[in-house]
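Examining the three-dimensional arrangement
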Amino acid sequence: MHPQKNTSHKLLKSINQQKVLQLIYTAGSISRVELAQKTGLSQQTVTNIVNRLLEEGVVYEGEHLPLEAGSGRKRIQLYVNSSNFYVIGIELAGKYIRGSICDFRPEVLYSAERRTEKYLNSEHLLQLLGEVIEELLDQSPDVARTRGIGVSVQGLVDSREGVLLRTPGIGFERIPVRAVLEQKYELPVYLENDANLLALNENMNGSLSDSVENITLKFDYGIGGAIVSEKRLISGSTFVAGEFGHVKAFTGKDAHLCLCGGVGCLTTLLSISGLGVTTGYTLDSLARAYHNGDEEVVRMYGAMVDALATTLSNAVTFLNPDRVLLTGRVLTAVRKDILSILTEKVQNNIPLTSRGVKLIHMERMPDETLLAARLVLKHVFEVPLEALGI
Ligand SMILES: [Zn+2]
């Protein structure tokens, strides 16, 4: 056979297999007849693929259900063997690296964590990351059935190349995490910024599933932002779109110098790290001072809420989203009714034409190691259309 023809035949075979696998996974359970209908493949092709997947233990056959009432024919449902395969999800944060080994459902089977006051340099970070991954691989029920590593990063990431661009504690330094980990563990590795990952997950099957245009903002140790348009993440030309933390938001006595070199950035008071550096307050001590009626803190908190409302109003005016998702520990640390305060201020601030927007608050942030595990699963079941240039 001509080598090129051989290659395209193999590619087509793998695309067909992925199509079948993706359908079984997303449907939960499906019969061979339905698979043929939905993929447009012949019954024989579907049977060949399913036999191969059964042999590899990737799928299994379930209960026999009647095809149609009174027909007497049976159909056999197929399921992905989700408890038989594993992925690793990692949360890379400013002061800790936490990871979980999960099955394909995904459910966490085992977790590991390393803490540090500060990453000394990139080698230190990679060493801690390696320790977490190795502990998880040791606990994996079957290393050969572990299919990839996903990393959620509280920092800036070039997700296409798998490179850290800015890491808490280290700053701007390109750290080629994917290349290092793929070489060491011979597993596919995927990296994504934490806010982007949260936005992707919420858009797929969470609180933004009925939204098309939205912004996700996370106010936690740092500030993270993600912009989604037509259900696609806007990453920007150098993967740093959505950097809301450095929006200029404070003036006068609240305009403090930011680590980025600018003055009055949102993050200088509205992130846990920024608040600590700028004022010495933690979220708890700030809330205590506010509720004790400390005049200066009450005034400063008012300025913080105004800055946040102005930033949100400008973002809504500029991008015209249908939803804005807000999350993170900073948001409700001082006042629990922050969502209604912000909603009122923003709605009064923005043009009439943008007032259809809805602010929503996610109180409990999902387990980031699970989101990172889902990132791997998304790729495991992805149909490689890109390979065809489609
Ligand atoms: Zn800044």
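- Going by the annotation in an unreviewed UniProt entry, the name recorded for the protein chain is ROK family transcriptional regulator, with Paenibacillus antri given as the source organism.
- In its Sequence similarities (unreviewed entry) section, UniProt records this for the protein chain: "Belongs to the ROK (NagC/XylR) family."
- Under the UniProt heading Function (unreviewed entry), the note attached to the protein chain is "Transcriptional repressor of xylose-utilizing enzymes."

1. Some details on the nonpolar core
- Core analysis: the largest hydrophobic core is formed by 39 residues, its most contacted members being Phe219, Leu270, Met304, Leu312, Leu326 and Leu342.
- Among the elements of the structure, β12 (214–219), β13 (223–229), α7 (267–270), α9 (283–291), α10 (295–319), β15 (323–327) and α11 (338–349) are those that each provide at least two residues to this core.
- In terms of residue count, the dominant contributor to this core is α10 (11 residues).
- Among all residues touching Leu270, those that are not within four sequence positions of it are Phe219, Ile223, Phe250, Met304, Leu308 and Val330.

2. Focus: the pattern of salt bridges
- A complete count under the given rule lists 21 salt bridges for this structure.
- A salt bridge links Asp322 to Arg323, with the nearest nitrogen and oxygen atoms 3.7 Å apart.
- In this structure, Asp337 engages Arg335 in a salt bridge whose closest nitrogen and oxygen atoms are separated by 2.8 Å.
- Relative accessible area serves as the criterion here: at 32%, Asp337 is assigned to the partly exposed category.
- Looking at Arg335, the relative accessible area reads 28%, which means it is partly exposed.
- Bridged by salt links that share partners, the residues Lys253, Asp254, Glu296 and Arg299 form one connected network.

The rules behind these values
- Each chain carries its own residue numbering, running from 1 in the direction its sequence is written.
- In keeping with the model being predicted, local features are shown solely for residues with a pLDDT of at least 70 and side-chain atom pairs are shown and tallied solely at 80 or more, while totals for entire chains, interfaces and linings include all residues.
- Each side-chain value is worked out from all heavy atoms of the structure, with water and hydrogens disregarded.
- UniProt positions are given in the numbering used here, feature names are shortened, and annotations may be inferred rather than shown by experiment.
- By convention a nonpolar core is built from buried Ala, Val, Leu, Ile, Met, Phe, Trp, Tyr and Cys residues, the set being connected through side-chain atoms within 4.5 Å.
- Burial classes: relative accessible area under 20% of the type maximum marks a residue as buried, over 50% as exposed, and values in between as partly exposed (1.4 Å probe, protein chains only).
- Only DSSP runs of H or I with at least four residues qualify as helices, and only runs of E with at least two residues qualify as strands; both kinds are numbered from the N terminus onward.
- Contacts are residue-level and defined by heavy atoms, with any inter-residue pair within 4.5 Å sufficient.
- Here a salt bridge means any side-chain nitrogen of Lys or Arg lying within 4 Å of a carboxyl oxygen belonging to Asp or Glu.

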